[in-house]
Amino acid sequence: MTNETDAITALKGIARIEAAARTGKGWYGRYLWLFAAWQLVLVPAVLLWRGPAALAVTMPANLLAVTALSVFAVRRPVVPRGLTRRHLTVIGAWAAAYCASLALGLTAFTDSVPFAAAAALACAAPAAVAALRESRPA
Amino acid sequence: MTTRPAPTAGHPRHELEPLLNSAVRLSVVAALAGVDKAEFAYIRDLVEITDSALSKQATRLEEAGWLGIEKGQAGRRPRTWLYLTDAGRTAYTRHLTALRAIAGPLH
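Model, not experiment: these values are computed from the prediction.

Definitions and limits used
Residues numbered from 1 in each chain as written. Chains lettered and ligands numbered in written order. Predicted model: local features only at pLDDT ≥ 70, side-chain atom pairs only at ≥ 80, totals over all residues. Heavy atoms only, no water. Helix = DSSP H or I, 4+ residues; strand = E, 2+ residues; numbered from the N terminus. Expected span 1.5 Å × (residues − 1). Bend = angle between axes of the 7 residues up to and from the residue. Buried < 20%, exposed > 50% of the residue type's maximum accessible area, 1.4 Å probe, protein only. Contact = heavy atoms within 4.5 Å. Polar contact = N/O pair within 3.5 Å; in protein donor to acceptor, adjacent residues only side chain to side chain. Phe/Tyr/Trp six-rings, centres within 6.5 Å; stacked < 30°, edge-to-face > 60°. Lys NZ or Arg CZ within 6 Å of the ring centre and 35° of its normal.

Engineer: In this structure, what is going on with helix H5 (residues 113–135) of chain A? I would like to understand it.
Structural biologist: What sets the pattern is the α-helix's 3.6 residues per turn: residues three or four places apart point alike. Residue and element names in this part refer to chain A. In this model, H5 (23 residues) spans 32 Å end to end at C-alpha, consistent with the 33 Å of a helix rising 1.5 Å per residue. The largest bend along H5 reaches roughly 40° and is located at Ala-125, with the proline Pro-126 sitting one to four residues downstream. Residues Phe-115, Ala-116, Ala-119, Ala-120, Cys-123, Ala-124, Pro-126, Ala-127, Ala-128, Ala-130 and Ala-131 constitute the buried set of H5. Summarising the contacts, the buried residues of H5 are in contact with helix H2 (27–48) and helix H4 (83–105). The backbone nitrogen of Phe-115 lies 3.1 Å from a side-chain oxygen of the residue at the head of H5, namely Ser-112.

Engineer: Before we go on, may I ask you to explain the packing of aromatic side chains in this structure?
Structural biologist: We describe a pair of aromatic rings using the distance from one ring centre to the other and the angle between the two ring planes. Counting across every chain of the model gives seven aromatic pairs over all chains. Ring centres of Trp94(A) and Tyr98(A) lie 5.0 Å apart, and the angle between their planes is 20°; this geometry places the pair in the stacked category. Of this pair, Trp94(A) and Tyr98(A) both sit in helix H4, four residues apart, roughly one helical turn. Tyr98(A) shares its class with Trp94(A); the two are buried. Three or more aromatic residues joined by ring pairs make a cluster, and in this case those are Trp27(A), Tyr28(A), Tyr31(A) and Phe72(A). Positioned above the aromatic ring of Trp81(B), the side-chain terminus of Lys37(B) is 4.7 Å from the ring centre.

Engineer: Help me understand the environment of Ala31(B), please; the structure alone is not making it clear to me.
Structural biologist: With respect to the helices and strands, the residue Ala31(B) is situated in helix H1 (residues 23–33). Overall, the relative accessible area of 2% leaves Ala31(B) in the buried class. Taking the C-alpha atoms as reference points, Ala31(B) and Leu19(B), twelve residues apart in sequence, are found 16 Å from one another. Apart from the residues within four sequence positions on either side, Ala31(B) is in contact with Ile17(A), Ala21(A), Ile43(B) and Leu46(B).

In structure tokens, the structure reads:
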């Protein structure tokens, strides 16, 4: 391959393959949106709904959601570039927000609906921000 | 790892990687360039080739030290993953840069 036409043809082929490969990486953005949406349900339920019935519902539901998301992730045929580092960052930020929300929501802001709403948004934020970044073109 | 003659200064074609002059191999590498790893079947479908053709090209790239093959299991299902090594990524980037230089400033 030595001439301009060959090079342009090769570059077009590369662009087509790279564009097609990008669609295979899109699953992580969907995963993050599902995770963020789940926080909007889980956090208010944990903070505002008390008693044995609440525990009996929220804990298995959370376990089910985490398992479903994990199975979804494990079955994907493509592992996006830098996924481990990005995912650990998201989970680390979420864990910090979730622990702070529970600590404050179960002590200083007991049964506070505005706090539960703010905590839900704070817990959803790491995944939502990462999902928005995922949707940006490379 | 493949060895190639030292490039002579001048035309960017000297920077092209001979192993990537095959359209299929170039497609396989391009498909893997943006990901950490991908399943064999996914790359096969993306590049639109048969299992045996991909297997042959993957072996060539593996012999050159550009591609890694990892076998695993998801439940009962065996899975084969393909990934580019650092040497493979470097070679692909160099090849791409040379192609762009040959194609001219508009590409």
